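Per-entry structural report
These are the residues of each chain, in order.
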Amino acid sequence: MNRAKNAPLPPKLIPNLGLKSRNTFGLEVSAERAFEITQPDQIPALMDEIAQNQWAWRVLGGGSNVILPPVLSGATLLMNIAGQEVANEDGSNTYLLVGAGVNWHELVQWTLTHNLPGLENLALIPGTVGATPIQNIGAYGVEVAQYIESVTAFDTHKNAFVTLSNKDCQFAYRDSHFKQNPNRYIVTEVLFKFPKAWQPRVHYADLAKFFADQSNADLAPTLSPQEIFDAVCQVRTQKLPDPKVIGNAGSFFQNPIVSTEQYNALVQQFPNIVSYPDAAGKRKLAAGWLIDQCGFKGKRLAEAGVYEKQALVIVNYGNASASDILNLAKQIQETVQKQYGVTLDIEPNIL
Ligand code: EPU
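Here the structure is a predicted model, which is why all the values come from computation and not from measurement. (Residues numbered from 1 in each chain as written. Predicted model: local features only at pLDDT ≥ 70, side-chain atom pairs only at ≥ 80, totals over all residues. Heavy atoms only, no water.)

A few points about the packing of helix 4 (residues 205-213) against helix 5 (residues 225-239)
The interhelical angle for the contact between helix 4 and helix 5, taken along N-to-C directions, is 110°, at an axis separation of 10 Å. The orientation of helix 4 relative to helix 5 falls into the category roughly perpendicular. Once helix 4 is placed against helix 5, the crossing between them reads as right-handed. Across the interface between the two elements, Asp206, Leu207, Phe210 and Phe211 of helix 4 pack against Glu227, Ile228, Ala231, Val232, Gln234, Val235 and Lys239 of helix 5. (Axes fitted to C-alpha atoms, helices over the stretch in contact; angles between N-to-C directions. Helix = DSSP H or I, 4+ residues; strand = E, 2+ residues; numbered from the N terminus. Parallel < 35°, antiparallel > 145°, perpendicular 65-115°, else oblique. Left-handed = near helix turned anticlockwise from the far one by under 90°. Contact = heavy atoms within 4.5 Å.)

Things to note about the pattern of salt bridges
Side chains that carry opposite charge are capable of pairing whenever their charged atoms lie near each other. This structure, assessed with the given rule, holds 12 salt bridges. The partner of Arg33 in a salt bridge is Glu32, and the shortest N-O contact between them spans 3.6 Å. Among the salt bridges present, the one from Glu120 reaches Arg201, with a minimum N-O distance of 3.4 Å. Within this pair, whereas Glu120 is found in the loop between helix 2 (104-113) and strand 8 (138-139), its partner Arg201 is found in the loop between strand 12 (185-195) and helix 4, the two being separated by 81 residues in sequence. A relative accessible area of 0% places Glu120 in the buried class. (Salt bridge = Lys/Arg side-chain N within 4 Å of Asp/Glu carboxyl O. Buried < 20%, exposed > 50% of the residue type's maximum accessible area, 1.4 Å probe, protein only.)

Details of the sheet that holds strand 2 (residues 30-37)
In space, the 4 strands of this open sheet follow the order 1-2-5-3, with mixed pairing throughout. Among the strands making up the open sheet, the edge pair consists of strand 1 (12-18) and strand 3 (57-60). On average, adjacent strands in this sheet sit at an angle of 30° to one another, irrespective of strand direction. Bridge count for strand 3 against strand 5 (residues 71-79) is 4 bridges, and the pairing is parallel. Each bridged residue has a counterpart across the sheet, and for Leu60 the counterpart in strand 5 is Leu78. Strands strand 2, strand 3 and strand 5 of the sheet are contacted by helix 1 (residues 43-53), whose axis makes an angle of about 170° with strand 5. (Pairing = 2+ DSSP bridges.)

With respect to the environment of Met47
Note that Met47 resides in helix 1. Look at Met47 and you get buried, because its relative accessible area is 8%. C-alpha separation for the pair Met47 and Asn159, spaced 112 residues apart in sequence, amounts to 8.6 Å. Those residues in contact with Met47 that sit more than four places away from it in its chain are Trp57, Leu77, Phe154, Thr156 and Ile186.

Structure, rendered in structure tokens:
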């Protein structure tokens with residue numbers, strides 16, 4: 001991307017910045033030193049300064065997948081690197097280079113208006129582009145990893161920018177090399193690959209049902225990317241709470257993956273258990289179903305609660321702190337463990 005060639009201006013420092021509107025849980029948080037990163041070149045000198053002062057540090061993108069403590073001491077890097085441009089094109093693919101600070105949903109809309117379909121199933125996921133490879137966001141049968149060619153990041157171990165290929169990123173369900181190496185990489189740009197051959201993917205239960213209900217299921221092969229985008233937006237809006245209305249971080253738990261053996265034993269005891277096929281010898285269970293069955297839907301503990309329409313989501317009733325949320329999460333984990341012998345892992349990053 002055409003970034004400034006001159007020596008970069010140092011990032012803007014904002015002391016004691018309130019982050020309530022910058023985390024979708026809506027937690028009251030103060031960042032001791034917030035640095036606004038607008039271009040990758042600002043990062044090396046800032047990381048030197050952070051090392052010299054021995055400050056703790058972390059990166060904040062859209063704040064949509066984090067649980068923040070009341071005070072973030074040290075340095076908080078606000079990732080605001082903008083821009084998207086077609087970097088390359090060949091007979092089969094178009095490659096799009098995007099800055100880490102670009103809003104994800106706006107990017108999805110932009111790609112559709114620029115005839116680059118593929119990301120429509122991932123509409124309305126809150127957050128920024130730089131965060132998407134870290135937890136390999138996914139929804140309605142698509143994971144972002146399928147569209148990532150490479151990721152450029154500042155590697156704080158090597159003190160240099162590196163570009164990791166899709167393979168190097170070691171993508172898996174809600175997982176990646178970046179997630180496995182916390183506080184090592186600062187993602188600056190993502191190169192997306194859009195195959196020119198496009199096919200609708202509407203097999204995921206909620207989407208299939210949406211189109212069946214429209215009584216045009218037979219038309220599935222003729223659906224346009226925009227129609228799928230609109231459907232995903234409607235389905236998501238019906239099921240998931242809008243963070244602007246009630247604070248939340250989407251799915252609070254990952255869907256647990258168990259062995260076929262454990263799954264078979266569970267099915268014997270709980271014939272209605274909801275699950276999906278996974279890798280050979282494994283089965284993915286619907287965490288939402290397990291939590292719902294334990295009676296948590298709509299349950300409130302202090303200022304945190306389980307969303308009444310979707311047991312996989314924890315919400316902030318207004319003044320929740322990180323500990324209110326984590327106390328409720330612990331109750332849920334203990335109950336599910338006792339009832340089903342299944343461990344639930346928390347999905348957002350706890351900082
Ligand atoms: N279920 C219940 N009760 C509930 C919620 C769910 O019984 O309160 C059952 C339903 O029967 C449903 C099944 O559990 O069939 C699965 O529920 P749902 O489809 O709502 O959730 P999911 O498929 O497990 C995943 C992602 C979501 C993503 C949707 C759509 C995870 C952890 N979550 O949920 O991602 O939007 O698929 O593809 O993988 C996110 O990561 O923040 C997120 C919202």
